[in-house]
Amino acid sequence: GYQLVDSAPVALGGAVSSLTDGSYVTFDGQSVDLWDAAGLHQLNLGSFPTLLFVSFIEVHPSQTFAVLGESSNGEIYSVNLDGSGMTLLTQAAFNYAFCFDPDGSRGWLPAALGGWGAGNDLLEIDLASGQMTQRAPVAGPSGPPTLDSAGTASQSHLTLPTAPHGLTTSVPRALKNP
């Protein structure tokens, strides 16, 4: 069977993402923090002046930064894991979740660019420039994007009509209202 041996100190509604050494980053809506594998606080990576709605935090494959999303203002940040600061990458209303492209230079996220109840868009973000490109409109509520190392979803999926950057790219069916 399974046994719970540790849990991340993250607030209800917060987000957590792990590094390969077992340490992890948390975002509770106001503070972004780095914790070691034993759960001891290591470093405050940044904070916001007011409490925000948490969308996600995901550690980049390089383990040098994380991408954070909040849905109060629709902002998406790059957070340096050495504590040297956070940088606004772009804005996407009602952003929900995030995953990195196999090469790590881009990320994918669903967001409701037209506002609440207007459907969703699958967006590609260039992590160097913050340039955001709409890749597919998606009807219904948003869900998490997942890509395997070949750029294809590892679960049942809806294949995009045009694969960006020569990848065979798919998105999970969770992004489409059944």
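Notes on the structure in this doc start here. Residue positions are counted from 1 within each chain, in the order its sequence is given. Local features in a predicted model are, by the rule used here, given only for residues with pLDDT of at least 70; side-chain atom pairs are given and counted only at 80 or more, and totals for whole chains, interfaces and linings are based on all residues. Hydrogens and water molecules were not included; the side-chain quantities draw on all heavy atoms of the structure.

1. Focus: the overall build of the chain
Filter applied, for reference: By the criteria applied, helices consist of DSSP H or I runs no shorter than four residues and strands consist of E runs no shorter than two, each listed in order from the N terminus. Only protein chains enter the accessibility calculation, which uses a 1.4 Å probe; a residue is then buried when its area is under 20% of its type maximum, exposed when over 50%, and partly exposed in between. Per-residue accessibility takes into account occlusion by the displayed protein chains alone, with areas from the Shrake-Rupley method and a 1.4 Å probe.
Scanning the chain for helices and strands turns up zero helices and 14 strands. Secondary structure elements of the chain, listed N to C terminal, follow the sequence β-β-β-β-β-β-β-β-β-β-β-β-β-β. Among the 178 residues that make up the chain, the fraction classed as buried is 44%. Total accessible area computed for the chain in this model is approximately 9000 Å², and 54% of it derives from carbon and sulfur atoms.

2. A few points about unusual backbone geometry
You will see that glutamine 63, though not glycine, has its phi angle at about 65°, which is positive. Among the secondary structure elements, glutamine 63 is positioned in the loop between strand S5 (54-59) and strand S6 (65-70). The backbone of phenylalanine 94 sits at a positive phi, close to 50°, despite the residue not being glycine. Inspection of the secondary structure assignment puts phenylalanine 94 in the loop between strand S8 (86-91) and strand S9 (99-100).

3. Observations regarding the nonpolar core
Worth spelling out the cut-off: Grouping buried Ala, Val, Leu, Ile, Met, Phe, Trp, Tyr and Cys residues that are joined through side-chain atoms within 4.5 Å yields what is termed a nonpolar core. Working rule for contacts: check all heavy atoms of both residues, and any pair within 4.5 Å makes them a contact.
In terms of nonpolar packing, the biggest core is built from 17 residues, with Val25, Val32, Ile57 and Leu68 touching the most fellow members. For this core, the secondary-structure elements that each account for two or more residues are strand S2 (24-27), strand S3 (31-35), S5, S6 and strand S7 (75-80). Beyond its immediate sequence surroundings of up to four residues, valine 25 is in contact with Ala15, Val16, Ser17, Leu19, Val32, Asp33, Leu34, Leu45, Ile57, Val59 and Leu81. Counting 13 residues, the second-largest nonpolar core is a separate cluster that includes Phe65, Phe100, Leu109 and Leu123.

4. Examining the sheet that holds S3
Rules: When DSSP locates at least two bridges between a pair of strands, those strands are taken to pair. The axes used here are C-alpha line fits, helices contributing only the stretch in contact, and every angle between their N-to-C directions lies in the interval 0 to 180 degrees.
Spatially, four strands are ordered S1-S2-S3-S4 in an open sheet, and the strand pairing comes out antiparallel. The open sheet has two free edges, formed respectively by strand S1 (15-18) and strand S4 (41-47), since each of these has just one partner strand. Ignoring strand direction, the axes of neighbouring strands in this sheet form an average angle of 20°. Two strands pair when backbone bridges link them, and S2 and S3 are joined in this way by four bridges, in the antiparallel orientation. Looking at the pairing, valine 25 lines up with leucine 34 of S3.

5. Concerning the sheet that holds S8
Strand order in the open sheet formed by four strands is S5-S6-S7-S8, and the pairing between neighbours is antiparallel. A strand with exactly one partner marks an edge of an open sheet, and here the two such strands are S5 and S8. For this sheet, the mean angle separating the axes of adjacent strands, direction not counted, is 20°. Two elements, S7 and S8, share five bridges in a ladder whose sense is antiparallel. The residue bridging tyrosine 77 from the neighbouring strand is leucine 88, located in S8.

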